[in-house]
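Letter by letter, the chains look like this.
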Amino acid sequence: MQHSRSLPCHNLKGFLPPQDQHHILPRFFDSETQRKWPNPQKKNTHRNLLAGLPEILLGPSLPSISQEENGDEDVTIKILYCGVCHSDLHCLKNDWGVTRYPIVPGHEIVGTVIKLGKNVSKFKIGDRVGVGVLVGSCRTCENCQQDLENYCPDMMFTYNSISEDGTMTYGGYSDIVVVDQWFVLRFPDNLPLDAGAPLLCAGITVYSPMKYYGMTEPGKHLGVAGLGGLGHVAVKLGKAFGLKVTVISTSPNKEDEAINKLGADAFLVSTNPVKLKEAVGTMDYIIDTVSAVHPLLPLLALLKLNGKLITVGLPDKPLELPISSVVIGRKLVGGSNFGGIKETQEMLDFCAEHNITTDIELIKMDYINTAMKRLSKADVKYRFVIDVANSLSQ
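Just so you know, these numbers come straight off a predicted model, no measurement behind them. (Residues numbered from 1 in each chain as written. Predicted model: local features only at pLDDT ≥ 70, side-chain atom pairs only at ≥ 80, totals over all residues. Heavy atoms only, no water.)

J.: Looking at this structure, I do not really get the overall build of the chain. What am I missing?
T.: Per the secondary structure count, the chain includes 14 helices and 17 strands. Within the chain, the fraction of its 394 residues that count as buried is 57%. Contacts in the chain between residues at least 24 apart in sequence constitute 72% of all its contacts with a sequence separation of at least 6. As presented, the chain carries roughly 16700 Å² of accessible surface, and 51% of it is formed by carbon and sulfur atoms. (Helix = DSSP H or I, 4+ residues; strand = E, 2+ residues; numbered from the N terminus. Buried < 20%, exposed > 50% of the residue type's maximum accessible area, 1.4 Å probe, protein only. Contact = heavy atoms within 4.5 Å. Areas by Shrake-Rupley, 256 points an atom, 1.4 Å probe, with all protein chains shown as cover.)

Here's what the structure looks like:
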C-alpha cells in the first residue's frame, strides 16, 4: 500500500482541547496508547514548524524525528497557506470520538514543490500544488479503481490517521508536507493560493454531490441550507452551473450578503413559517451543509416531486428522518463524502475556469486559538486561512 508522509518536525506541539487536557493526558501515556503510538524513527520529518503555537490548545510536545530522503513516489511541498475547516475543530474537541492526540490539523493545503522522488513524473520543482482531505488509499479496491479513493476502506486522512507501518499523519498547520504524487493536486495558475485553499475540502465536498446526484441542470432550482464555509461555495457553484439558487438560513442578517455578494437569487429564513409555507414544493434539489443538529422535515417539504435532499454537514448527533415525507413525495435523501483525486482536480479546474474562490479571512498562526473560538460560533465569512509562510517569517 502506498502512503504519503505528512509529518511535522521536532519542536511542534500537538493540539489538545482545553477541557480534555487533564483527563486525556494520563490515557495518552497508557500502555495501549504507547503500543499504537507511531515510532518516530520510521518516517521522515522536516524543518522547524510553527513551534510557537499558543498555549490554550497545546498538548505534549511531539518527539523529534530524524529527517530522511523522499520516497521514490513522494513530493515534498513547502506549505504557503492552509485553510481552517470545521472538521479541524471537531477533531480538536474529539466530537466524533476518533481523535488521536496530539493532533496537527489541516487538510486544505497549498504550496510549492521543493523536492521530488526519483519516480515522480506528474510534477516539477516550483509547481503550485494542493493536498486535500486524503493522502493514501489501497489503490486496488473497486472504489479506488473507479477513482473513488475517498470511499476506500483503507483511505488515509491527511491528519489523524495511522498508516500501515504505524506512523501518524499530521496536517497542514506546518511548514512542509511530503505526499505520494498520486494524492497531490495541480493548482491552476489563475486560482489564488490563499482563497483557493479551502476548495480542497469545502469546494469538493459540495461539488462532488452536485455532480453525482445530477444537481447541475441549468434552470433547475437549488436550495442551499446553511451559509457558511460549505454553503457559500455551493451558491457559487450553483450559479456557475446555471441553477436558480435560494439560500435557506436561520439568520435573516445574511440575506444581503447572500444575494448581493454571493449572487443567490433568493433568500429563505427557515424560522419564518409564512415564508416556508410559500416555498413548499418549489425546489428541485437541496444541498444541506448545516453541521448542527436541525430538523429535516421543513427541508423535505420544500422539494418538488422527485426532489433530492443531499446532506454534507456532519452534526455530532443523529438527525430524525421523517420517512412519510420521503415516501409520499418520492423524494431522495442522500449523502456524500468529499471526492476522489480525479474529481477534486476536475473541481479545481472548473473553479479556475469560472473564477470561483472562497471568501476568506487570512490569519497568522498565533491567531489560531481565537479563530477556533470564533469558528465554534460561526463567526467567520466564510473560511479562515492560515498564512503559513508569513507566520514563519515573523
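J.: Quick question: what am I supposed to make of the pattern of salt bridges here?
T.: Any two side chains of opposite charge can pair, on the condition that their charged atoms come close. Across all of its chains, the model carries 15 salt bridges by this definition. Across the salt bridge formed by K93 and D95, the nearest N and O atoms sit 4.0 Å from each other. Taking relative accessible area as the criterion, K93 reaches 34% and is therefore assigned partly exposed. Residue classification places D95 among the partly exposed positions, given a relative accessible area of 26%. The shortest N-O distance in the salt bridge between E108 and R383 comes to 2.5 Å. You can see E108 sitting in the loop between α3 (86–93) and β4 (109–116) and its partner R383 sitting in strand β17 (residues 383–387), a full 275 residues away along the chain. Here the two residues E108 and R383 agree in accessibility, since each one is buried. Linked by salt bridges that have partners in common, K236, E257, K261, D359 and K381 make up one network. (Salt bridge = Lys/Arg side-chain N within 4 Å of Asp/Glu carboxyl O.)

J.: Sorry, what's going on with the nonpolar core here?
T.: The nonpolar side chains of a soluble globular protein tend to be buried, and buried together. With 93 residues, the main nonpolar core has Y173, L222, L237 and I287 as its most contacted residues. With seven residues, the top contributor of residues to this core is strand β3 (residues 74–84). I248, M283, I286 and L300 belong to the second largest nonpolar core, which has 14 residues in total. (Core = buried A, V, L, I, M, F, W, Y, C linked by side-chain atoms within 4.5 Å.)

J.: Quick question: what am I supposed to make of the environment of L243 here?
T.: Tracing the sequence through the fold places L243 in the loop between α7 (229–240) and β11 (244–249). Relative accessible area serves as the criterion here: at 2%, L243 is assigned to the buried category. The spatial distance from the C-alpha of L243 to the C-alpha of P218 is 5.0 Å, given a sequence separation of 25 residues. When sequence neighbours within four positions are dropped, the list of residues in contact with L243 reads M210, M215, T216, E217, P218, G219, K220, L222, G238, D265 and Y285.

J.: For this particular structure, what's the right way to read the pairing of strand β14 (residues 303–311)?
T.: Residues in a regular strand point their side chains to alternate faces of the sheet. The pairing of strand β13 (residues 283–288) with β14 spans five bridges and is classified as parallel. Paired with I287 across the strands is I310, a residue of β14. Note that the unit made of β13, helix α10 (residues 297–302) and β14 has a crossover that is right-handed. (Pairing = 2+ DSSP bridges. Right-handed = clockwise from strand over helix to strand, strands pointing away.)

J.: Quick question: what am I supposed to make of the state of the cysteines here?
T.: When the sulfur atoms of two cysteines share a covalent bond, that bond is a disulfide. In this structure the tally under the stated criterion is zero disulfides. Between C82, a free cysteine, and C85, which holds the nearest cysteine sulfur, the sulfur-to-sulfur gap is 9.7 Å. Take C85: it sits in no disulfide, and the sulfur closest to it among the cysteines is that of C201, at 3.8 Å. (Disulfide = S-S within 2.5 Å.)

J.: Looking at this model, I keep getting lost on the packing of helix α6 (residues 202–212) against α7. Mind explaining?
T.: The description of two packed helices rests on the angle between their axes and on the distance between the axes. At a minimum axis distance of 8 Å, the contact between α6 and α7 shows a crossing angle of 50 degrees. Here α6 lies oblique to α7, going by the angle between them. Handedness of the crossing formed by α6 with α7: right-handed. Here A202, G203, T205, V206, Y207 and M210 of α6 lie close against α7, whose contacting residues are G229, L230, V233, A234, L237 and G238. Of the residues contributing to the contact of α6 with α7, the split by class is eight nonpolar, four polar and no charged. (Axes fitted to C-alpha atoms, helices over the stretch in contact; angles between N-to-C directions. Parallel < 35°, antiparallel > 145°, perpendicular 65-115°, else oblique. Left-handed = near helix turned anticlockwise from the far one by under 90°. Nonpolar A, V, L, I, M, F, W, Y, C, P; charged D, E, K, R; others polar.)

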